[in-house]
Amino acid sequence: MGWLGKMLAAGVGAFVLAMLESVRECNCFKVTHYTMRFPKTCRRNQNIKKEHCVIFLSDLHNHVYGKDNQILLERIRKETPDLILLGGDMLIGKKGVSPQPSLELIRQLPGIAPVYYAYGNHEQRMLERRWKYKNVMESYEEELQKAGVKFLKNRSEQVKLGETTLRISGLMLPMDSYEKFCHRKITGDDLESRLGPADSERLQILLAHNPAYVSAYKSWGADLILCGHLHGGVMRIPGWRGVITPQAFLFPRYSGEMSVEEDAVVVVSKGLGTHTVNLRLFNVPEIVALHF
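Summary of the structure given here. Fair warning: this is a prediction, and the values are worked out from it, not measured in the lab.

**Notes on the state of the cysteines**
In total, this model carries 0 disulfides according to the counting rule given. With no disulfide of its own, Cys28 lies 8.6 Å from the sulfur of Cys26, the closest cysteine sulfur. Here Cys182 is not cross-linked by a disulfide; its sulfur's nearest cysteine counterpart is in Cys227, at 17 Å. Judged by relative accessible area, Cys182 falls into the partly exposed class, the value being 24%.

**Description of the packing of aromatic side chains**
Under the criterion given, the structure shown has 7 aromatic pairs. For the ring pair Phe38 and Phe292, a centre distance of 6.3 Å and an interplane angle of 35° mean the geometry is tilted. Here Phe38 is found in the loop between strand 1 (30-35) and strand 2 (53-57), whereas its partner Phe292 is found in the segment after strand 12 (286-291), with 254 residues between them in sequence. Like Phe38, the residue Phe292 is buried in the burial classification. Members of the aromatic cluster, joined through ring pairs, are Tyr117, Tyr119, Tyr140 and Phe151.

**Topic: the layout of surface pockets**
Using a probe with the size of a water molecule, rolled over the atoms, empty space left in the structure can be pinpointed. Roughly 720 Å³ of volume is contained in the largest pocket. Lining the largest pocket are 27 residues, with His122, Lys180, Pro246, His275 and Thr276 positioned closest to its centre. Residues belonging to the lining of the largest pocket are distributed by class as follows: 10 nonpolar, 11 polar and 6 charged. Here the second largest pocket is characterised by a volume of approximately 240 Å³. Lining the second largest pocket are 16 residues, and of these His183, Pro211, Ala212, Pro252 and Arg253 sit closest to its centre. Here the residues of the lining of the second largest pocket are counted per class, giving 9 nonpolar, 5 polar and 2 charged.

**Re empty space enclosed by the protein**
In this structure the tally under the stated criterion is 1 cavity of 30 Å³ or more. If you add up the space inside the largest cavity, you get close to 40 Å³. For the largest cavity, the full set of lining residues is Tyr119, Gln124, Leu171, Met172, Leu173, Tyr178, Ala208, His209, Asn210 and Tyr217. Grouping the constituent residues of the lining of the largest cavity by class yields 7 nonpolar, 3 polar and no charged.

**Overview of the sheet that holds strand 10 (residues 258-260)**
Read across the sheet, 6 strands follow the order 6-7-8-9-11-10 without closing on themselves; strand pairing throughout is mixed. Looking at which strands have only one partner, the edges of the open sheet turn out to be strand 6 (155-161) and strand 10. On average, each strand axis in the sheet is tilted by 20° relative to the strand beside it, whichever way the strands run. Both strand 8 (residues 203-208) and strand 9 (residues 224-227) contribute to a ladder of 3 bridges, which runs parallel. Bridging from a neighbouring strand, Leu206 pairs with Ile225 of strand 9. Docked against the sheet, helix 7 (residues 188-195) engages strand 6, strand 7 (164-171) and strand 8, running at close to 105° with respect to strand 7.

**Regarding the pairing of strand 3 (residues 83-86)**
Alternating positions in strand 3 separate into two faces, Leu83 and Leu85 on one and Ile84 and Leu86 on the other, with burial throughout. Note on the crossover from strand 2 through helix 2 (residues 70-78) to strand 3: the handedness is right-handed. As defined by bridge partners, strand 3 adjoins strand 4 (residues 115-117) across 3 bridges and the pair is classed as parallel. The residue bridging Ile84 from the neighbouring strand is Val115, located in strand 4. Handedness of the crossover is the feature at issue here: the chain leaves strand 3, passes through helix 3 (residues 100-106), returns alongside strand 4, and the resulting connection is right-handed.

Reading the values: the criteria
Residues numbered from 1 in each chain as written. Predicted model: local features only at pLDDT ≥ 70, side-chain atom pairs only at ≥ 80, totals over all residues. Heavy atoms only, no water. Disulfide = S-S within 2.5 Å. Buried < 20%, exposed > 50% of the residue type's maximum accessible area, 1.4 Å probe, protein only. Phe/Tyr/Trp six-rings, centres within 6.5 Å; stacked < 30°, edge-to-face > 60°. Helix = DSSP H or I, 4+ residues; strand = E, 2+ residues; numbered from the N terminus. 1 Å grid on protein atoms, 1.4 Å probe; cavity = no way out; pocket = protein on both sides within 12 Å on 5 of 7 lines; lining within 4 Å. Points joined across faces, edges and corners; volume = space filled by probe spheres on them. Nonpolar A, V, L, I, M, F, W, Y, C, P; charged D, E, K, R; others polar. Pairing = 2+ DSSP bridges. Axes fitted to C-alpha atoms, helices over the stretch in contact; angles between N-to-C directions. Contact = heavy atoms within 4.5 Å. Right-handed = clockwise from strand over helix to strand, strands pointing away.

Honestly, it's all geometry; don't read function into it.
The structure is reproduced here in structure tokens:
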């Protein structure tokens, strides 16, 4: 076999190994632990006296880990969280696709800890396009509200974490902010028009599905920004970044990590599922555990 044949064989072998690894990653998950270290300049630097755990879940897309998602549920219980935050795209916003797998999982979460749910583009699409999806989203939300889930659709709530009161806000941006090849201009003023001003006294947490607009989230006044949407960039360059966003931009600055910046902490979940492109590489799905 000549050098060309050897290179071809090596390339085929590497491709096969990559596909096998992708199949493995699409069918498992890990828990990523982050210890919150807020910038010294943060006006509401934390004064939480006892350690607390907040679980952040995003982009499940109806994925099921074990029968009835029991593997995922047991792992969440094992973390003994004080609070569970959902960052959107827990279901698949596609005509004819039932949200039942997401519904069955999430309705059990309030039995573990209080649950706050902010929409992603899939939930928002189903809500805004009733002509296509009928009342699927309304029924889904009604069932989860009965179970104790609180939805944050361009609104905020004060939430107790031990002896400390936090303010958690859930942002919904216009649907065209998710369009491919589009980066809409979003400012802090746009957030204020939807959410009102950021809290100037309490730790301000913002659930904002799309991390493409982090500069606007910081300008608004968020102390902790929680995002998802990018599925970790589909494939990741180990030690660096994800490769591509759903809007078809390469190497996004925020794609699946914690960034401690001069005025905020940004956490982007790699998500728990996939849709359309069922591919992950060096990009294991994750539960995010935030330790305060």
